[in-house]
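Next come the chains, spelled out residue by residue.
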Amino acid sequence: ERENQGIQPEIDSSISIGFDTLTQSWETGPLDGNSLLVTLSSYYQPTRESWFGDITVDAQHYVRLYKTVNIGLRGAWGQSFGDEWKRPFYVSSVDNLRGVPWYQFNYLTSEAYALGGAELQVPLDGLIRLLIFQNIEGIAGVDAGSLFTEYEDFDENRTAAFVTGFNFNLAIFQFRLHFAKSFDIGGLKPGEPREGETQPIVPDGWVTNFTIRYLFF
């Protein structure tokens, strides 16, 4: 508290601009169309005379191949700005970089990020029955991106992974069980620590990601 000078009043403001033409399936999610969301947030602490903020961009494009078989493409970028009190992002690995274990907080917390991914979703209900679960689909894709403080560190921190797994529903919840294996694109090397560190950020084996989501969010 002493380092942060105690509790400070803060004035927050945010503006978002975007569009959404996605066709949605209540069973599996987006099927085709596009979406774009740009958000600018600003924070002012008058007692510190401190001003900072961040900007994020998220774009998605889906192509329906047949019925509920689809390919989804996504790109995202974020940048924080301002004085010494500016806030870093925490980028969830299970939603963005599935080859990075969720507990790699030092890497997943950064002042800027650039992410991209592609994912194929194929319904498997006709082939697999799984107890009380419905709408089972298999997924295969690629995640790639970089988290960094300075743009000169982008190349050093970039990483990518192959992803496969399953999505399945129970009532109003969707369960996602995904497995990712990183491969070398010239940045973080799977199974090898960065210079000056003792533990690798991305392992050379498979990373398991399990999440539960509200189906209509």
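Use the structure listed above.
Bear in mind the structure is a predicted one, so any value in this text is a computation, not a measurement.

(A) Main features of the pattern of salt bridges. What the rule picks out here adds up to 10 salt bridges. Between Glu10 and Arg87 there is a salt bridge whose closest N-O contact spans 2.5 Å. Taken together, the residues span a long stretch of sequence, with Glu10 in the segment before β1 (11–20) and Arg87 in the loop between β5 (69–82) and β6 (89–90) at a distance of 77 residues. The class for Arg87 is partly exposed, based on a relative accessible area of 36%. Of the charged contacts in the structure, one is a salt bridge between Arg194 and Glu197, with a shortest N-O distance of 3.0 Å. Assessed through its relative accessible area of 22%, Arg194 is described here as partly exposed. Linked through salt bridges whose partners overlap, the residues forming this network are Arg98, Glu119 and Asp143.

(B) Geometry of the nonpolar core. Core analysis: the largest hydrophobic core is formed by 13 residues, its most contacted members being Val100, Tyr107, Tyr113, Leu115 and Leu147. Put simply, the parts of the chain that give this core at least two residues each are α1 (105–108) and β8 (112–123). Every residue in contact with Leu147, bar those within four places of it in the chain, is listed here: Val91, Leu97, Tyr107, Leu108, Ser110, Ala112, Tyr113, Leu115 and Asn157.

(C) How the structure looks around the pairing of strand β3 (residues 29–45). As defined by bridge partners, β1 adjoins β3 across 10 bridges and the pair is classed as antiparallel. Along β3, the bridge assignment pairs Ser16 with Thr39. Where strand β2 (residues 23–25) lies against β3, 3 bridges are found, and the strand directions are antiparallel. What sits directly across from Gln24, in β3, is Pro30. The turn linking β2 back onto β3 is made up of 3 residues.

(D) Spatial organisation of the packing of aromatic side chains. A full pass over the atoms with the stated rule returns 13 aromatic pairs. Considering the side-chain rings of Tyr90 and Phe105, the 6.1 Å spacing of their centres and the 40° angle between planes classify their relative orientation as tilted. Taken together, the positions of Tyr90 in strand β6 and Phe105 in helix α1 put the pair 15 residues apart, joining distant regions of the chain. The class of Tyr90 is partly exposed, set by a relative accessible area of 44%. In textbook terms, an aromatic cluster arises when at least three aromatic residues are bridged by ring pairs, as seen for Tyr90, Trp102, Tyr103 and Phe105. Cation over ring: Arg48 sits above Trp85, and NZ or CZ is 3.6 Å from the ring centre. Note that Arg87 overlies the ring of Tyr43, its terminal NZ or CZ placed 4.9 Å from the centroid.

Reading the values: the criteria
Residues numbered from 1 in each chain as written. Predicted model: local features only at pLDDT ≥ 70, side-chain atom pairs only at ≥ 80, totals over all residues. Heavy atoms only, no water. Salt bridge = Lys/Arg side-chain N within 4 Å of Asp/Glu carboxyl O. Helix = DSSP H or I, 4+ residues; strand = E, 2+ residues; numbered from the N terminus. Buried < 20%, exposed > 50% of the residue type's maximum accessible area, 1.4 Å probe, protein only. Core = buried A, V, L, I, M, F, W, Y, C linked by side-chain atoms within 4.5 Å. Contact = heavy atoms within 4.5 Å. Pairing = 2+ DSSP bridges. Phe/Tyr/Trp six-rings, centres within 6.5 Å; stacked < 30°, edge-to-face > 60°. Lys NZ or Arg CZ within 6 Å of the ring centre and 35° of its normal.

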